[in-house]
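Take a look at the letters that make up each chain.
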Amino acid sequence: MQSDQQKLQAILDQAVDHARASTERGRVAHYIPELAKADPQKAGIAVTLDNGETIGAGDWQQPNTIQSISKVFTLALCLGTLGDNLWRRVGREPSGSAFDSILQLEHENGIPRNPFVNAGAIVVTDAILATYQPKEALGEIVRFVQGLTGDDQIFIDGRVAQSEEETGHRNRALAHYLASCGNLYNPVAHTLGVYYNQCALTMDCAQLSRAGRFLAFAGTLGPNRQQMVSMKRARRIAAIMLTCGHYDGSGDFAYRVGLPAKSGVSGMILAAVPGIASIAVWSPGLDRNGNSHIGTQMLEYVTNEMDWTVFS
Ligand SMILES: NC(=O)CC[C@H](N)C(=O)O
């Protein structure tokens, strides 16, 4: 008789096999030179279960920068200190536009649609800087993620942060626009310095799935039930992930996968199955919305086979 865990392992292996066989792989992010070097053939998946076990398949132990998935962690931190005051500066609605769009920001007077588009995440980082100097803020973000993961080896890849800093004209444009509307309180260079570094937090799929446990287990880390984020805050963050976590692909992702999730341009995705598991996938090729093409396929396969969805 196959145990549940063996069954899940077999499904993860199949998901990676299908992923490897797929000819359409998407396009790696080119606008950050360090990310342009990624190999689109790579594919990995890891699942952390309620009992604390992490199992994986494919390239699940290869570290990558988490990019926009960091926005989930900074939102959790920021809501912890600022509470609902944050919502005076950022909305909670899907954007229906690209993650780095400037158009909407102008139409809506410098109030970004949600905390997961770049402009919104820049405001969240700026809000964290209200209580910390840039270096302290980064230390706080790293320690928070290390605490969630239970792994103090998690680090920032300085090369990727630097690569983005050198080429980040769009983010600079967004930050200056926010400043012109009075919605950026710190110098652009300070806020973006922290933002680029948080995006360069480096984890493999196993670590990322562990970092996401609080989203699946009502703010706790699973078996020992240590409360890291209040239940209400975890639930609200998951709601924004479901509606905004994949930018203009959020509707399609909800249709195909049916879980709160957040993507990053490195090709990683973090997804939460409430009460059951936290999942991280990685494959660097992106679709036209900047979400991992193969990563979404792997999640679709596993969630269908396991019947994991928030809609059942
Ligand atoms: N979607 C993403 O992952 C974007 C993050 C990236 N660091 C950027 O600001 O462009």
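Residues numbered from 1 in each chain as written. Predicted model: local features only at pLDDT ≥ 70, side-chain atom pairs only at ≥ 80, totals over all residues. Heavy atoms only, no water.

Details of the sheet that holds strand 8 (residues 277-282)
Part 1: Read across the open sheet, the five strands follow the order 2-1-8-7-6; overall the sheet is antiparallel. Both edges of this open sheet fall to strand 2 (54-58) and strand 6 (261-263), since each of them pairs with a single strand only. Strand-to-strand twist in this sheet, taken as the mean axis angle between neighbours without regard to direction, amounts to 10°.
Part 2: Alignment of strand 1 (residues 44-49) against strand 8, held across six bridges, turns out to be antiparallel. When the bridges of strand 8 are listed, valine 47 appears paired with isoleucine 279.
Part 3: Where helix 1 (residues 4-21) meets the sheet, its contacts fall on strand 1 and strand 2, and the angle it forms with strand 2 comes to roughly 25°.
Part 4: Each of strand 1, strand 7 (268-273) and strand 8 touches helix 13 (residues 293-306); the most contacted strand, strand 8, lies at about 145° to it. (Pairing = 2+ DSSP bridges. Helix = DSSP H or I, 4+ residues; strand = E, 2+ residues; numbered from the N terminus. Axes fitted to C-alpha atoms, helices over the stretch in contact; angles between N-to-C directions. Contact = heavy atoms within 4.5 Å.)

Let's talk about the pattern of salt bridges
Part 1: Enumeration according to the criterion identifies twelve salt bridges in this entry.
Part 2: Between aspartate 50 and arginine 225 there is a salt bridge, and its shortest N-O distance comes to 3.3 Å. Of this pair, aspartate 50 sits in the loop between strand 1 and strand 2 while arginine 225 sits in the loop between helix 10 (213-216) and helix 11 (231-244); the two residues are 175 residues apart in sequence, bridging distant segments of the chain.
Part 3: Exposure remark for aspartate 50: the relative accessible area of 29% places this residue in the partly exposed category.
Part 4: Taking relative accessible area as the criterion, arginine 225 reaches 44% and is therefore assigned partly exposed.
Part 5: Of the charged contacts, one joins arginine 113 and glutamate 108 as a salt bridge, the two residues approaching to 2.8 Å between their closest N and O atoms.
Part 6: Residue arginine 113 is classed as partly exposed on the basis of its relative accessible area, which comes to 26%.
Part 7: Take glutamate 108: its relative accessible area is 27%, and that puts it in the partly exposed class.
Part 8: Taken together, the salt bridges that share partners define one network made up of Glu34, Lys37, Asp157 and Arg159. (Salt bridge = Lys/Arg side-chain N within 4 Å of Asp/Glu carboxyl O. Buried < 20%, exposed > 50% of the residue type's maximum accessible area, 1.4 Å probe, protein only.)

A look at the sheet that holds strand 5 (residues 201-203)
Part 1: Ordered in space as 3-5-4, the three strands form an open sheet in which the pairing is antiparallel. At either end of the open sheet lies a strand with only one pairing partner, and these are strand 3 (64-65) and strand 4 (155-156).
Part 2: With two bridges joining them, strand 3 and strand 5 adopt antiparallel strand pairing. Each bridged residue has a counterpart across the sheet, and for threonine 65 the counterpart in strand 5 is threonine 202.

Quick word on the site of the ligand
Part 1: As a structural note, the neighbourhood of the ligand is formed by Tyr31, Gln67, Ser68, Phe99, Asn118, Glu164, Asn171, Tyr195, Cys199, Tyr247, Gly264 and Val265.
Part 2: One of the side-chain N or O atoms of serine 68 is found 2.6 Å from an oxygen atom in the ligand.
Part 3: A distance of 2.8 Å is found between an oxygen atom of the ligand and a backbone nitrogen or oxygen belonging to valine 265.
Part 4: Coverage of the ligand by the protein chains reaches 100% of its 300 Å² of free accessible surface.
Part 5: Along the lines of polarity and charge, the residues of the shell around the ligand split into six nonpolar, five polar and one charged.
Part 6: Looking at the shell around the ligand, you find at least three residues from each of domain 1 (4-67 + 201-306) and domain 2 (69-199). (Near = heavy atom within 4 Å. Polar contact = N/O pair within 3.5 Å; in protein donor to acceptor, adjacent residues only side chain to side chain. Areas by Shrake-Rupley, 256 points an atom, 1.4 Å probe, with all protein chains shown as cover. Nonpolar A, V, L, I, M, F, W, Y, C, P; charged D, E, K, R; others polar. Domains from an automatic or database assignment.)

A word on the packing of helix 2 (residues 70-82) against helix 5 (residues 134-149)
Part 1: Contact geometry for helix 2 and helix 5: axes closest at 10 Å, N-to-C directions at 105°. With respect to each other, helix 2 and helix 5 are oriented roughly perpendicular. Between helix 2 and helix 5, the residues in contact are Phe73, Thr74, Ala76 and Leu77 and Glu140, Ile141, Phe144, Val145 and Leu148, respectively.
Part 2: Here the contact of helix 2 with helix 5 is composed, by residue class, of seven nonpolar, one polar and one charged. (Parallel < 35°, antiparallel > 145°, perpendicular 65-115°, else oblique.)

Topic: the UniProt feature "binding site: substrate" (unreviewed entry) in the chain
Part 1: Those places that UniProt annotates as "binding site: substrate" (unreviewed entry) correspond, in this numbering, to Ser68, Asn118, Glu164, Asn171, Tyr195, Tyr247 and Val265.
Part 2: Mapped onto the elements of the fold, serine 68 is located in the loop between strand 3 and helix 2.
Part 3: What makes serine 68 buried here is its relative accessible area of 6%.
Part 4: When sequence neighbours within four positions are dropped, the list of residues in contact with serine 68 reads Asn118, Tyr247, Lys262, Ser263 and Gly264.
Part 5: If we skip the residues at most four places from it in the chain, asparagine 171 touches Asn118, Ile122, Glu164, Leu192, Tyr195 and Tyr196. (UniProt positions renumbered as here; feature names shortened; annotations may be inferred.)

A closer look at the side chain of lysine 71
Part 1: Examined against the element boundaries, lysine 71 turns out to sit in helix 2.
Part 2: Although lysine 71 is buried, it forms no salt bridge, and the closest oppositely charged side chain is glutamate 164 at an N-O distance of 8.3 Å.
Part 3: When sequence neighbours within four positions are dropped, the list of residues in contact with lysine 71 reads Pro115, Phe116, Val117, Asn118, Ala121, Tyr195, Gln198, Tyr247 and Lys262. (Lys, Arg positive; Asp, Glu negative; His and termini not counted.)

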